[in-house]
Amino acid sequence: MVVSELSILRGLAVLDVNVSDLEHTGFTQELYAQLVGLGVSGCVLSLSSVTGLSRSEWIAITSLAQGLELLGIKSVVSGIAPTLAVALVWYPTPSGLSTYLNEDEALDALADQ
Amino acid sequence: MSDERGPSAQGRITDRDLLKQRDSEIEAQRGQIESLQHSIEAAKFELPLLRISTHILMVPIVGAMDSLRSQRVMEDVLENIRRAGTKVVVIDISGVNVVDSSVASHLIMMGAASKLMGSTTIISGISPGMASNIVKLGIDTGQTETTNTVEDALKRAYNHVGKKLVDA
């Protein structure tokens with residue numbers, strides 16, 4: 001499987017999160033393998049194309065971020081729209097997860113680390 | 001030759017026509033009244049969003065606060081963060097008479113939602129009574145900063161954007 005929504009900007013990975021991808025078996029491992037192969041130090045999980053998320057989908061995204069951290073790839077989330085933010089308030093968010101308004105801010109933050 | 005019975009059938013205005021005309025006038029008036037009511041309702045919830053600096057927004061809330069109004073504050077503030085890239089939102093509630101559990105929950109929820117959007121919310125004007133209530137209600141304020149005065153809130157806000165507020 002090729003993680004097609006992955007792009008490299010300023011030496012960092014940006015994943016345009018597609019919720020249906022998360023349900024595919026092997027997606028997470030394939031993503032991890034690609035990012036390790038690319039040798040990136042950080043990854044932005046962009047939710048700018050996402051309008052709604054269920055609890056389990058949000059947990060899948062935060063777990064993805066946690067897994068990347070374990071691989072030494074600092075990961076952050078960006079592009080959460082107002083309505084999505086209100087919905088996510090009710091779901092568990094790991095305290096260490098950083099979130100940013102847009103990809104540029106997220107990339108700036110990752111580049112500073 | 002003129003018709004002594006009055007206007008011709010074509011030009012005659014019947015009672016039915018008059019009723020129709022009246023109905024449409026009433027309908028138009030009803031529309032105007034509803035429009036005015038909407039405007040009055042909207043004005044009641046109108047909130048000033050004061051841009052203190054490029055990245056700092058201040059929202060002073062005065063008067064009665066209910067869950068509907070706090071919901072409106074949340075929507076306006078989150079939309080402002082999205083549109084203007086606001087980094088810190090200071091919500092001053094020192095002019096609010098009563099903050100019940102529902103309102104407090106909305107404000108705290110807004111703090112959590114704004115954090116997810118990469119912004120920080122500081123609620124200022126928390127009175128001792130409110131602080132006591134919030135603690136008693138067991139509301140988690142972990143995602144939101146709170147201060148007693150607006151001055152403290154602004155100092156913190158400037159700190160967040162890498163600036164310092166100093167006394168003149």
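The structure presented is a predicted model; accordingly, all values stated were derived computationally and were not measured.

Describe the overall build of chain B, and please don't skip the residues or the numbers.
Looking only at helices and strands, one finds 5 helices and 5 strands in chain B. For chain B, buried positions account for 33% of its 168 residues. Long-range contacts, defined here as pairs at least 24 residues apart, represent 69% of the contacts in chain B between residues at least 6 apart. Of the roughly 10,400 Å² that chain B leaves accessible, carbon and sulfur atoms contribute 52%.

Account for the interface of chain A and chain B, with residues named and values stated.
Each partner contributes to the interface: chain A provides 14 residues, whereas chain B provides 14 residues. Ranking the residues of chain A by area buried against chain B places A:Pro82, A:Val89 and A:Leu101 at the top, with a combined share of 44%. Scanning the region where chain A abuts chain B turns up 1 salt bridge. Between A:Glu105 and B:Lys87 there is a salt bridge, with its nearest N and O atoms 2.6 Å apart. Inspection of the chain A/chain B interface yields 4 residue pairs in polar contact (both at pLDDT 80 or more). Elements that contribute at least two residues to the side of chain A that touches chain B include exactly α4 (82-88) and β5 (99-100) of chain A. Broken down by element, the side of chain A that touches chain B gets its largest block of residues, 4 residues, from α4(A). For the side of chain A that touches chain B, a count of residues per class yields 11 nonpolar, 2 polar and 1 charged.

Give me the lowdown on empty space enclosed by the protein, citing residues and values where you can.
Residues and elements named next belong to chain B. With the rule as written, the count across this model stands at 2 cavities of 30 Å³ or more. The volume enclosed by the largest cavity comes to roughly 70 Å³. Mapped onto the lining of the largest cavity, the elements with two or more residues apiece are α3 (101-116) and α4 (128-137). Ranked by the residues each element gives to the lining of the largest cavity, the list is headed by α3, at 3 residues. A per-class count over the lining of the largest cavity returns 9 nonpolar, 1 polar and no charged.

So what about the pairing of strand β4 (residues 74-78) of chain A? Which residues, and what values?
Along a regular strand, successive side chains alternate from one face of the sheet to the other. All names here are of chain A. Summarising burial for β4: 4 of the 5 residues are buried, a large majority. Pairing geometry for strand β3 (residues 42-46) and β4, over 5 bridges, is parallel. When the sheet's bridge partners are listed, Ser 46 is paired in β4 with Ser 78. Viewed along the sheet, the connection from β3 through helix α3 (residues 55-70) into β4 turns out right-handed. As paired strands, β4 and β5 are joined by 2 bridges and run parallel to one another. Among the inter-strand pairings, Ser 78 is bridged to a residue of β5, identified as Tyr 100. You can see the chain leave β4, run along α4 and come back into β5, and the turn it takes is right-handed.

For the confidence of the model for chain B, give the residues involved together with the corresponding values.
Residues at a pLDDT of 70 or more form 89% of chain B, whose mean pLDDT is 84. The ipTM assigned to the predicted complex is 0.87, against a pTM of 0.77.

Rules used throughout
- All residue numbers refer to positions counted from 1 along the written sequence of the respective chain.
- All chains are assigned letters beginning at A, and all ligands numbers beginning at 1, according to the order in which they are written.
- Residue-level local features of this predicted model are given only where pLDDT is at least 70; pairs of side-chain atoms are given and counted only at 80 or more, and the full residue set underlies all totals for whole chains, interfaces and linings.
- Heavy atoms from the whole structure form the basis of all side-chain values; hydrogens and water molecules are not counted.
- Working definition: helices are DSSP H or I runs of at least four residues, strands are E runs of at least two. Numbering for both runs from the N terminus.
- Each residue gets one of three labels from its accessible area relative to the maximum for its type: buried under 20%, exposed over 50%, partly exposed in between, using a 1.4 Å probe on protein chains only.
- Note on contacts: a residue pair qualifies if any of its non-hydrogen atoms lie within 4.5 Å across the two residues.
- For accessible areas, the Shrake-Rupley method is used with a probe of radius 1.4 Å. Any residue's cover is judged against the shown protein chains and nothing else.
- Two parts placed together each lose some accessible area under a 1.4 Å probe, and the buried area is that loss summed for both.
- We define a salt bridge as a contact between a side-chain nitrogen of Lys or Arg and a carboxyl oxygen of Asp or Glu at a distance within 4 Å.
- Polar contacts, as used here, are pairs of N or O atoms within 3.5 Å; protein pairs need one atom able to donate a hydrogen and one able to accept it. Residues neighboring in sequence count only if both atoms are side-chain atoms.
- Polarity classes work like this: nonpolar for Ala, Val, Leu, Ile, Met, Phe, Trp, Tyr, Cys and Pro, charged for Asp, Glu, Lys and Arg, and polar for all others, with Gly in that last group.
- A 1.4 Å probe that fits but cannot get out identifies a cavity on a 1 Å grid over protein atoms alone, an open set with protein on both sides within 12 Å along at least five of seven lines counts as a pocket, and a residue lines either if it has an atom within 4 Å of a point.
- Grid points are joined across faces, edges and corners, and a volume is the space filled by probe spheres set on the points.
- Whether two strands pair comes down to DSSP finding at least two bridges between them.
- A crossover gets the label right-handed when its path from the first strand over the helix to the second runs clockwise, viewed with the strands pointing away from the viewer.
- Confidence of the prediction at every residue is given by pLDDT, a number between 0 and 100.

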